[in-house]
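So the chains spell out like this:
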Amino acid sequence: MRSLPDLLCPVRRILRSRHALAAGLLTCAIGLPLLACSKHPTRPIVRADSPTAVVQRFRTAWIERDTLAFRSCLAETFFGYGSACIDSTGHLFLQIGPGRDSSIVAAARLFRLGSASHPPAVWIDVRIDSFELQPGARDSIHERDAFGTASVVIRTPSHTLHLGGFTRFHLVRGDVPLAILPPDSTRWFIQNWLDLVTDETAPSTAHIDASWRAWQSMRERVTRSSSAPPQRATDSAGCDSLLRTTWGYALRRYLD
C-alpha cells in the first residue's frame, strides 16, 4: 500500500501547477494593459550632463517645439543672444538681444502660441554640422565653447523660413556662481549664444577671428550696461538684411 506522502505528491503538483497558472494569468492581466499604454511611451527626459548634451538638448527643444526644454538649457546668468555680421569691407556689426526672459517668451510664441504678427511653427528642423568643442579661454574646467554651422528650417501655416550660419555657444557647468540654484556640478547650461554671418564678397580672412571679436564686443557691451536697449546693425544695409537670416532671428521676429 502506498503511504500518505506518496498519495499527496500528485495533489501537491496539481496545486503548484494551478498556482503557477494563476500567477501567469495575473501577470498577463497586468502586463497587457501596460503594453497597450506603452504604444506611445512618454519621451524620456534627457539630462544635460555634458557640454555636448546641452547643445543637443537645445537642438531637440527646437525640433520638438518644447518650451520647457528650451528654458532648461539656459543658465540663470544667460545674458542674451547676439548676432554678428561681417560686411563686404570686412567690418564687424553686432546686434545684441533678446535676453533670457525675452528669449523664453519668444520661444513659447514660436513653438506653440504665435504672436500678433506671426503664427506658430508647425514644423522645425535644426542641423548643426562641423560641431567642435573647446575648453573655455578663462576657465578650462567649468566653461566650454561650442562651434558649428547651423541649418534651420521653420514652417508655419503661412511661409517657410530658411535660417542658419556659423553659431557659437558659451557653456558653463552648473556649479559656476549663479548658473543655477541650487548649484549642480553634473549639469551644463548655455550662458551665451552668438550667430555670425558673412557677406559673400567679404575678404576671405575676415571671418577667422570674427567670432572672437564679436564675442568680446558682446561681453563688453552687456557688462557695461545690462539695461541698455539691443544694439542694432543699422550702419550697414547689407548686414541689416543678412542678420535676418541667422538662427536666432526666429526668436527676434516673435517679439514684435
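Now for a description of the structure that goes with this document. Worth saying up front: this structure is predicted, and the values here are computed from it rather than measured.

1. Some words on the environment of P98
Link 1 in the chain: In this structure, P98 sits in the loop between β2 (92–96) and α4 (100–113).
Link 2 in the chain: With sequence-adjacent residues up to four places away left out, P98 is seen in contact with F78, G80, Y81, S103, R252 and L255.

2. Topic: the pairing of strand β5 (residues 160–174)
Link 1 in the chain: Two elements, strand β4 (residues 143–155) and β5, share 13 bridges in a ladder whose sense is antiparallel. Its bridge partner lying in β5, V153 is registered against H162.

3. Side note on the state of the cysteines
Link 1 in the chain: Evaluation of the coordinates by the stated rule reveals one disulfide.
Link 2 in the chain: Across a sulfur-sulfur distance of 2.1 Å, C85 and C239 are joined as a disulfide pair. The chirality of the disulfide connecting C85 with C239 is left-handed, given an S-S dihedral of about -80°. Within this pair, whereas C85 is found in strand β1 (residues 81–86), its partner C239 is found in helix α6 (residues 237–242), the two being separated by 154 residues in sequence. Of the two residues, C85 and C239, neither departs from the other in class, the shared state being buried.

4. Quick look at helix α2 (residues 51–63)
Link 1 in the chain: In this model α2 runs 19 Å from its N-terminal to its C-terminal C-alpha over 13 residues, within 8% of the 18 Å that 1.5 Å per residue would give.
Link 2 in the chain: Those residues of α2 that fall on the buried side of the exposure criterion are P51, A53, V54, V55, R57, F58, A61 and W62.
Link 3 in the chain: After α2 finishes, the residue R65 shows a positive phi value of roughly 50°.

Reading guide: rules and limits
Residues numbered from 1 in each chain as written. Predicted model: local features only at pLDDT ≥ 70, side-chain atom pairs only at ≥ 80, totals over all residues. Heavy atoms only, no water. Helix = DSSP H or I, 4+ residues; strand = E, 2+ residues; numbered from the N terminus. Contact = heavy atoms within 4.5 Å. Pairing = 2+ DSSP bridges. Disulfide = S-S within 2.5 Å. Buried < 20%, exposed > 50% of the residue type's maximum accessible area, 1.4 Å probe, protein only. Expected span 1.5 Å × (residues − 1).

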